[in-house]
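Residue strings, one per chain:
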Amino acid sequence: MIGALEYEFMRNAIYAGIMASIACGLIGVYVITKRIVFISGGIAHASFGGIGLGYLAGFSPVLGAMFFAVAAALGMGGVTRKTKIPEDTAIGILWAMGMALGVVFIGLAPGYAPDLFGYLFGNILTVSSSDLLLMAGLNVFIIAVVLALYKEFQALSFDEEFGKVAGLPVNFLYLLLLGLIALTIVLLIRVVGIILVIALLTIPATLARQFTHDMKKMMFLAVVFGIALTFFGLWLSYEFDLASGATIILLSGSVMMVTFVVRYLLERRRRLAVTGVSEEEAGDFHFHKTGTP
Amino acid sequence: MSNHEVVRLEDVWVQYNHVPVLESINLSIKQNDFIGVIGPNGGGKTTLLKVVLGLVSPRRGTVSVLGRSPAESRHYLGYVPQHGIFDREFPISVWEVVLMGRLSTSRLFRRYSRTDRQAAEDALRVVDMLQYKDRQIGKLSGGEQQRVFIARALVSHPKLLLLDEPTASVDPAMQAEFFELLEGLRSEMAIILVSHDISAVSVSVETIACLNRHLHYHGPAEITAEVLEATYKCPVQMIAHGAVPHRVLKEH
């Protein structure tokens, strides 16, 4: 792998992994604590419509995806807040409609769509310098907003109703948060693709959550875990010649499962230790009983 | 000044999906009032609080809080929501929860000021929870969490404190202490407490109202078995105010 760093595409891939990890570490913490995983998945899939439009109209599919993701975020946020349609129903419908639009657009576009698979499942090895520039710009924006509105987003995630009573513009903040999720998804498209995005938004943050109850530390840890997972995933995919995005996701999911099993075993051991003590006490008690008939 | 009206509801009606929840509610709360609203689950107690907070707008009638609309007066209100609806694992400390009470539109993009932090410290001291300020909220007992949520409501120096089922998670031994805390706050603000648990409002509450879609508003000595029966549709405990506060269980 060290030798592979000579190649520009490999260096770009690593930079892309780092930048994707920063965005999904920060935003992923909100996604899992506010429990908006499903709406995030919906935004990601709906952005496929933009990829199709890019092919059809002849502009960058990533720009199309950005436009569609933000529109889907505002649409889903607006519909779930302002109408009586149940939230999961609205998300499910917009999710499928976005994808359907993408399929229709690609069908209408002349020729065939060569790197379509890369948009769906990621191809970190094809990240160009201009992609990196776009990712950097999005990251700067995401970091700036999270820094500026950290306490507001925390309040929104913890107790939205109280936030409203305290005078926060909660609907605006919610739509802004969904907008940031949309931008994060765009950042991640090149790395893992729109289908697999949701794993990178949730796994590093969930891993981080097991180590701290401080939101800032959680974000920091999530970024670190994200970088480690994308780096090792990339290395595995290079060594064994596997699809990069899918390898990163499978590695992340496996690490996640291992930590859950380890945690379960540790807790069981602690429980057994506690009951072990009480068994000894019970033994003492029996001894006294039989000793003094 | 002590007669200053904090809340006024006139002929307020609320419906959810064409099902009436509140009907023709009239309510007047003055400064330093302590009113307990009791009624069965589903009787509209939480809705009544949300009307005062401006979170639910009535279909008919007028609501005024401190002479203005509820939304305009919100920063004069302290709200302690029904317990147990938050995520125990949420990464937030007691300190951060209390500071939430200082959030408002004007503070967007800004850090908490020295005044904000001082107010949070004072509020935590009032509820005797300052020593737990760095603890994660989920790692406290139910009663301790309730104290933190009261501190969060107090931190904005409200003129009216609204409590939704505040004793649900407080064990009976702690309830006396809890009411002592509220008693201490009365000199500074009006208090509305809603509960389905009659014993929760019996002793320290000055005025009791029974709510089951309609609001029956009573002075201290007026609450009778008939009134409670009308609210709960079954014989219930009676409340008596005397030299020694006590309750008599009515025969079924």
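## Describing the overall build of chain B
Item 1. When its secondary structure is counted, chain B shows 8 helices and 11 strands.
Item 2. A buried classification covers 52% of the 252 residues belonging to chain B.
Item 3. Taking the contacts inside chain B whose residues are at least 6 apart along the sequence as the reference set, 67% of them involve residues at least 24 apart.
Item 4. A total of about 11800 Å² of accessible surface is found on chain B, and carbon and sulfur atoms cover 50% of it.

## Comments concerning the sheet that holds strand E4 (residues 60-65) of chain B
Residue and element names in this part refer to chain B.
Item 1. Spatially, the 3 strands line up as an open sheet ordered E2-E1-E4, and their pairing is antiparallel. One side of each edge strand has no neighbouring strand; the edge strands of this open sheet are strand E2 (19-30) and E4. Neighbouring strand axes in the sheet, compared pairwise and without regard to direction, differ in orientation by 15° on average.
Item 2. The sheet contacts of helix H1 (residues 45-53) involve strand E1 (5-16), E2 and E4, and relative to E1 the element is tilted by about 120°.

## A few points about the interface of chain B and chain A
Item 1. Facing 31 residues of chain B, the contacting portion of chain A comprises 27 residues.
Item 2. Summed over both sides, the interface between chain B and chain A buries roughly 2800 Å², with carbon and sulfur atoms accounting for 64% of that surface.
Item 3. Looking at the side of chain B facing chain A, the largest losses of area belong to Phe90, Pro91 and Leu103 of chain B, adding up to 24% of the total buried there.
Item 4. Taken together, the links from chain B to chain A amount to 4 salt bridges.

## Notes on the packing of aromatic side chains
Residue and element names in this part refer to chain A.
Item 1. Going through the model one piece at a time under the given rule, you end up with 12 aromatic pairs over all chains.
Item 2. Judged by centre distance (6.0 Å) and plane angle (70°), the ring pair of Phe67 and Phe68 falls under edge-to-face.
Item 3. A ring pair is formed by Phe211 and Phe225, whose centres lie 5.8 Å apart and whose planes are at 50°; its orientation type is tilted. A residue pair is termed long-range when its members are at least 10 positions apart, and Phe211 in the loop between helix H10 (170-209) and helix H11 (215-240) and Phe225 in helix H11 qualify at 14 residues.
Item 4. Judged by relative accessible area, Phe211 falls into the exposed class, the value being 57%.

## A look at the nonpolar core
Item 1. Core analysis: the largest hydrophobic core is formed by 133 residues, its most contacted members being Ile137, Leu161 and Leu182 of chain B.
Item 2. At 26 residues, H10 of chain A tops the list of elements feeding residues into this core.
Item 3. Not counting residues up to four positions away in its chain, the partners in contact with Ile137 of chain B are Phe158 of chain A together with Phe86, Ile92, Ser93, Val94, Val97, Gln145, Val148 and Phe149 of chain B.
Item 4. Within the second largest apolar cluster, 33 residues are counted, among which are Val21, Ile29, Val63 and Ala190 of chain B.

## Structural notes on the pattern of salt bridges
Two side chains carrying opposite charge are able to pair once their charged atoms lie near each other.
Item 1. Tallying each qualifying case throughout the model produces 17 salt bridges over all chains.
Item 2. Between Lys45 of chain B and Glu165 of chain B there is a salt bridge, with the nearest N and O atoms lying 3.9 Å from each other. Placement of Lys45 of chain B in helix H1 and of Glu165 of chain B in the loop between strand E6 (160-164) and helix H6 (172-185) is noted, with a sequence separation of 120 residues between them.
Item 3. A residue is classified by how much of its surface remains accessible, and Lys45 of chain B, at 5% relative accessible area, is buried.
Item 4. Among the charged side chains, a salt-bridge network with shared partners connects Lys34, Arg81 and Glu160 of chain A.

## Brief notes about unusual backbone geometry
Item 1. Positive phi is not limited to glycine here, since Asp128 of chain B has a value of about 60°.
Item 2. Even without being glycine, Glu165 of chain B reaches a positive phi, approximately 45°.

## Details of the side chain of Asp159 of chain A
Item 1. Looking at where Asp159 of chain A falls in the secondary structure, it is placed in the loop between helix H8 (150-158) and helix H9 (160-166).
Item 2. At 3.2 Å, the side chain of Asp159 of chain A and the backbone nitrogen of Phe162 of chain A are in polar contact.
Item 3. Asp159 of chain A has contacts with Pro81, Met100 and Arg152 of chain B, leaving out every residue within four places of it along the chain.

## Here's the deal with a nonpolar patch on the surface
Item 1. On the surface, Tyr7, Phe9, Leu125 and Tyr238 of chain A cluster together into a nonpolar patch covering about 360 Å² of accessible area.
Item 2. Looking at Phe9 of chain A, the relative accessible area reads 35%, which means it is partly exposed.

## Some words on the packing of helix H1 (residues 8-33) of chain A against H10 of chain A
Item 1. Across the interface, H1 of chain A lies against H10 of chain A with an axial gap of 6 Å and an inter-helix angle of 65°. Handedness of the crossing formed by H1 of chain A with H10 of chain A: right-handed.

## A short note on the pairing of E1 of chain B
All names here are of chain B.
Item 1. With 8 bridges connecting them, E1 and E2 associate as antiparallel partners. Of the residues in E2, the one forming a bridge with Val14 is Leu22.
Item 2. Taking the residues between adjacent antiparallel strands as the criterion, E1 and E2 are bridged by 2 residues, where Asn17 takes a positive phi near 50°.

## Regarding the confidence of the model for chain B
Close inspection of predicted coordinates is inappropriate in any region flagged by low pLDDT.
Residues and elements named next belong to chain B.
Item 1. Of the residues in chain B, 81% reach a pLDDT of 70 or more, and the chain-wide mean stands at 80.
Item 2. Within chain B, strand E11 (residues 246-249) has the poorest average pLDDT of any element, 42, and helix H3 (residues 94-99) the best, 94.
Item 3. Confidence over residues 234-252 falls short of pLDDT 50; this stretch has 32 contacts with residues more than four positions distant or in other chains.

## Things to note about the environment of Ala243 of chain A
Item 1. When you line up the elements, Ala243 of chain A lands in the loop between H11 and helix H12 (244-291).
Item 2. Put simply, Ala243 of chain A and Phe121 of chain A are 122 residues apart on the chain and 8.5 Å apart in space, counted from C-alpha to C-alpha.

## Description of the environment of Val145 of chain A
Residues and elements named next belong to chain A.
Item 1. Of note, Val145 is situated in helix H7 (residues 129-148).
Item 2. With a relative accessible area of 12%, Val145 lands in the buried category.
Item 3. Taking C-alpha positions, Val145 is 9.3 Å from Leu177, a pair spaced 32 residues apart along the chain.
Item 4. Not counting residues within four places of it along the chain, the set of residues in contact with Val145 comprises Phe153, Leu176 and Leu180.

Rules used in this analysis
Residues numbered from 1 in each chain as written. Chains lettered and ligands numbered in written order. Predicted model: local features only at pLDDT ≥ 70, side-chain atom pairs only at ≥ 80, totals over all residues. Heavy atoms only, no water. Helix = DSSP H or I, 4+ residues; strand = E, 2+ residues; numbered from the N terminus. Buried < 20%, exposed > 50% of the residue type's maximum accessible area, 1.4 Å probe, protein only. Contact = heavy atoms within 4.5 Å. Areas by Shrake-Rupley, 256 points an atom, 1.4 Å probe, with all protein chains shown as cover. Pairing = 2+ DSSP bridges. Axes fitted to C-alpha atoms, helices over the stretch in contact; angles between N-to-C directions. Buried area = accessible area lost by both parts, 1.4 Å probe. Salt bridge = Lys/Arg side-chain N within 4 Å of Asp/Glu carboxyl O. Phe/Tyr/Trp six-rings, centres within 6.5 Å; stacked < 30°, edge-to-face > 60°. Core = buried A, V, L, I, M, F, W, Y, C linked by side-chain atoms within 4.5 Å. Polar contact = N/O pair within 3.5 Å; in protein donor to acceptor, adjacent residues only side chain to side chain. Patch = residues over 30% accessible without salt bridge, like charges linked within 9 Å, V, L, I, M, F, W, Y side chains within 5 Å. Left-handed = near helix turned anticlockwise from the far one by under 90°. pLDDT = per-residue confidence, 0-100.

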